[in-house]
Amino acid sequence: MINDQVAFPLLTEDEIRDVAGFGRRARFEAGQMIFEVGHVRADYIVLLEGRLEVLDTSGDEDRLITIHSSRGSFLGDINLLAGIPCNIFSCRTPCSTEVILLPVDNLRNMMIHCSSIGEKWMDAMLRRREILSQRGFDGLRIFGCHGDAPTLHLREFLYRNGVPHRWIDTGDSVNAERIAKLGEGPFQFPLVTWSRKVLMQDAKVPKLAYFLGVRRPIPDEVFDTVILGCGPAGLGAAVSAASEGLRTLVLDRMGPGGQAGSSSRIENYAGFPSGLSGHDLAMRSYLQALKFGAVFAAPCDVKEIRTDENGLHTVHLQCGTVAKTRTVIVTTGVSYRNLDVKGLNTLRGVGVYHSATLVEATLCDGRPLHVIGAGNSAGQAAMFLSKHNANINLIVRGGDLRKSMSSYLSERVEANPRVNVRLHSELRALKGVDMLENVTIENTSTGEISEEDCCRVFVFIGATPCTDFLGDDVCKDERGFLKTGADVVACGKWPGKNRLPCILETSVPGIFAAGDCRSGTTKRVAFSVGDGSLAVNCVHDFLGTYD
Ligand SMILES: Cc1cc2nc3c(=O)[nH]c(=O)nc-3n(C[C@H](O)[C@H](O)[C@H](O)COP(=O)(O)OP(=O)(O)OC[C@H]3O[C@@H](n4cnc5c(N)ncnc54)[C@H](O)[C@@H]3O)c2cc1C
C-alpha cells in the first residue's frame, strides 16, 4: 500500500537464511491476530509465505495501514529495540501465513552479526515512523489545555522519548466534539487515551512512563558504567561504551536529547552538510546505543552518588531507586536559569520556556514572541520559531551578536525578515495571571522602556551546570562546572597517591565528567559527543580493560 523502498525493503534469500538462525518459524491461521496494540509480546517478524495486515487502532476508526505480502518483508517498530513492551499497531493474518519470529534479544544479536540486515532494519524503522507522522497516525492522545504546565511536561516527555502522540487542546472549541466523545465527565486533565479508551486521568510523567515501559526497573546488578544525562555527551558515551562491550546504563530526568534535542537544525556537526535536527541526532544515537545493548531509563532524576571504601558507586534517584556501578560518567549538561525579572517565575511553563521544539511552537499564536539571549541556542530558537511565527524579537543585551553566536548563524538571523534583532535590550517585566499577556523591554542605550504584546518568551541565557547533586568531594569551579584531570590536581583535591587522574576524571576516582557540565569545555554538540566518547576511554583505563 505504501511504496517506499527505504521503509519497506525486502530481505534477500541469504538474509532470510541468516535471520532464521536467530529465530523460530511459526504458522498462523487465517483471521488470527499475531499481536495487538499494547501487547507485551514483542517480536521481530519476517514474512515467509502468506499475508500480514497491519492495523492502526489509535484513531476514531480502525484502519488498515499496510499489507505485507512479499517473502522477505518484515515487521517491527523502534519500540522493540528500545525494550518498550507495548506494540503501537495490531497485526493479523487474512490467510494461512508462515513467518520467522525473533525475540528482541535475538534481534540485537542478529543486527550486530548481520550488519546488512541491521542497516536495512534501522533505516526502515526510522522511515516508517516518519511516514506514520506524515499520515496522521495519532498514537496516544493527550487531552489538556494550552497553558497547562503538566500537559506540556507530558508532551515534552513523549516527544523526547519518541512516543507517537497527538495533543488535543481542551481549551480550543474546535475540539469540543472530541472531548464530548470521551463520555460522561467530569474528567481530570491531562487525560491520556488510546483511540476511544481512557488510559489515565490526571496523568503525570512518571506514572505514564511506567505504564508505557519507557521507565523500566533498574536491573539489580553492578554496571561497568552508569551515564548520568542523555544529551549529546551522554549519547556519545553510551554508543562508545556499549559498542565496546561495557555493561552500560543511561539515566536521564527527561529522555534522550538534552539541550540539543531542542535544536531545530544543527549545521556544525561533521558529516551532515545540510544539517540535522537535534531530535533526529538524539533518536539515531539512542537507537545505535540500544543496538549495542545499552540500557536506558527515563524519567530518572539523580539525587546523589555515594562511593564505598571499595570504590563501588551507588547512584541514588529522587524516586528512591539505586543503581550500582564501577564507574560513573556525569554528562548532566546545563540548564537555563530563570532571569530575576518580575512576573517570570509565575509564568514558567505557561508563557515562559527554556526550550523551543515543535511542542512549544504549537503553543504560539499569531502575536509577537520574544527570545532572550545571544548565544547559539537563542539564535537556533529564533530561526526555528520564525517558521511558525512572523514576529520574533531577539532581545540581546550587548551590542554585537557575532561576539557570542557562531558567524554562520548570526548572519542568518540578521538576514531573516521575521526576526527583529534588538541590541542593547533587556527584559524587565512580564505581565499575566494564568497566561502571559505582555512584556516590558528596556533599550539600555536610549533608556526607552516599552510595554509590548507578547504570546511567549523563550529564555536562553544564564546557563548553570546541573551538578548540584554532587557533594563537596567532587571538585567544581566557581560557577559549579566540574573540574577534571590536571585542574583537580592543581586544586589539591586529588586523593590518589599512585596515579594521576585521567583527563576527564573528577576528584573522585572512577567518576568522570564530559560535555557542557565539565569546566572549560566548548559548549557545542560535536565537542560534547567527542568528550563523551573520550570519557569511555578513561573508563577503560580505570577498569584496566583496554588492550
Ligand atoms: C536551542 C538550542 C540550540 C542549540 N544549537 C546548537 C547548534 O546548532 N550547534 C551546536 O554545536 N550546539 C548547539 N547548542 C548547544 C548544545 O546543544 C550543547 O552544547 C549540548 O547539548 C551539550 O550536551 P551535553 O550532553 O553536555 O549536555 P545537555 O545537552 O545539557 O544534556 C544534559 C542531560 O542531562 C540531563 N540531566 C541534568 N540533570 C540531571 C539529573 N540530576 N538527573 C538526570 N538527568 C539529568 C538533562 O535532562 C539532559 O538531557 C544548542 C543548545 C540549545 C539549547
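Residues numbered from 1 in each chain as written. Predicted model: local features only at pLDDT ≥ 70, side-chain atom pairs only at ≥ 80, totals over all residues.

Of all the positions in helix 7 (residues 205–212), only Val 205, Leu 208, Ala 209 and Leu 212 are classed as buried. Across the axial projection of helix 7, the buried residues extend over an arc of 105 degrees, all falling on one side. On its buried face, helix 7 is in contact with helix 5 (149–160), strand 11 (191–194) and strand 12 (197–200). (Buried ≥ 20, exposed ≤ 12 C-beta atoms within 10 Å, placed from the backbone. Helix = DSSP H or I, 4+ residues; strand = E, 2+ residues; numbered from the N terminus. Arc of directions from axis to C-beta. Contact = placed C-beta atoms within 7 Å.)

Extensive coverage of strand 3 (residues 43–49) is indicated by the burial of five of its seven residues. Examined bridge by bridge, strand 3 and strand 8 (residues 97–103) share six bridges and lie antiparallel to one another. Note on strand 8: the bridge partner recorded for Val 46 is Ile 100. (Pairing = 2+ DSSP bridges.)

Assigned domains of the protein: these are domain 1 (13–134), domain 2 (140–212), domain 3 (222–335 + 464–543) and domain 4 (345–461). In this structure, domain 1 and domain 2 have C-alpha centres spaced 28 Å apart. With ten residues of domain 1 at the contact, the number on the domain 2 side is five residues. Residues of the side of domain 1 that touches domain 2, tallied by class, amount to six nonpolar, four polar and no charged. (Domains from an automatic or database assignment. Nonpolar A, V, L, I, M, F, W, Y, C, P; charged D, E, K, R; others polar.)

In the neighbourhood of the ligand, 39 residues make up the surrounding shell, with Gly 229, Gly 231, Gly 258, Gly 333 and Gly 515 lying closest. Listed by contribution, the elements that provide at least two residues to the shell around the ligand are helix 8 (232–243), helix 11 (376–385) and helix 14 (525–543). The element that contributes the greatest number of residues to the shell around the ligand is helix 11, accounting for four residues. Of the residues belonging to the shell around the ligand, the class tally is 17 nonpolar, 16 polar and six charged. The residues that make up the shell around the ligand include at least three from each of domain 3 (222–335 + 464–543) and domain 4 (345–461). (Near = placed C-beta within 6 Å.)

Two faces make up the sheet, and in a regular strand the side chains alternate between them. Pairing between strand 4 (residues 52–56) and strand 5 (residues 63–68): five bridges, direction antiparallel. By the bridge assignment, Leu 52 is partnered in strand 5 with His 68. Between strand 4 and strand 5, which pair antiparallel one after the other, the connecting turn spans six residues.

Let us look at the nonpolar core. In terms of nonpolar packing, the biggest core is built from 149 residues, with Ala 238, Val 371, Ala 382 and Phe 512 touching the most fellow members. Leave out the neighbours within four places in its chain, and Val 371 touches Ala 378, Ala 381, Ala 382, Leu 385, Ile 392, Leu 394, Ile 395, Phe 458 and Phe 460. (Core = buried A, V, L, I, M, F, W, Y, C linked by C-beta atoms within 7 Å.)

This part is about the environment of Gly 496. Of note, Gly 496 is situated in the loop between helix 13 (486–490) and strand 29 (511–513). By the C-beta count within 10 Å, which is 12 here, Gly 496 ends up exposed.

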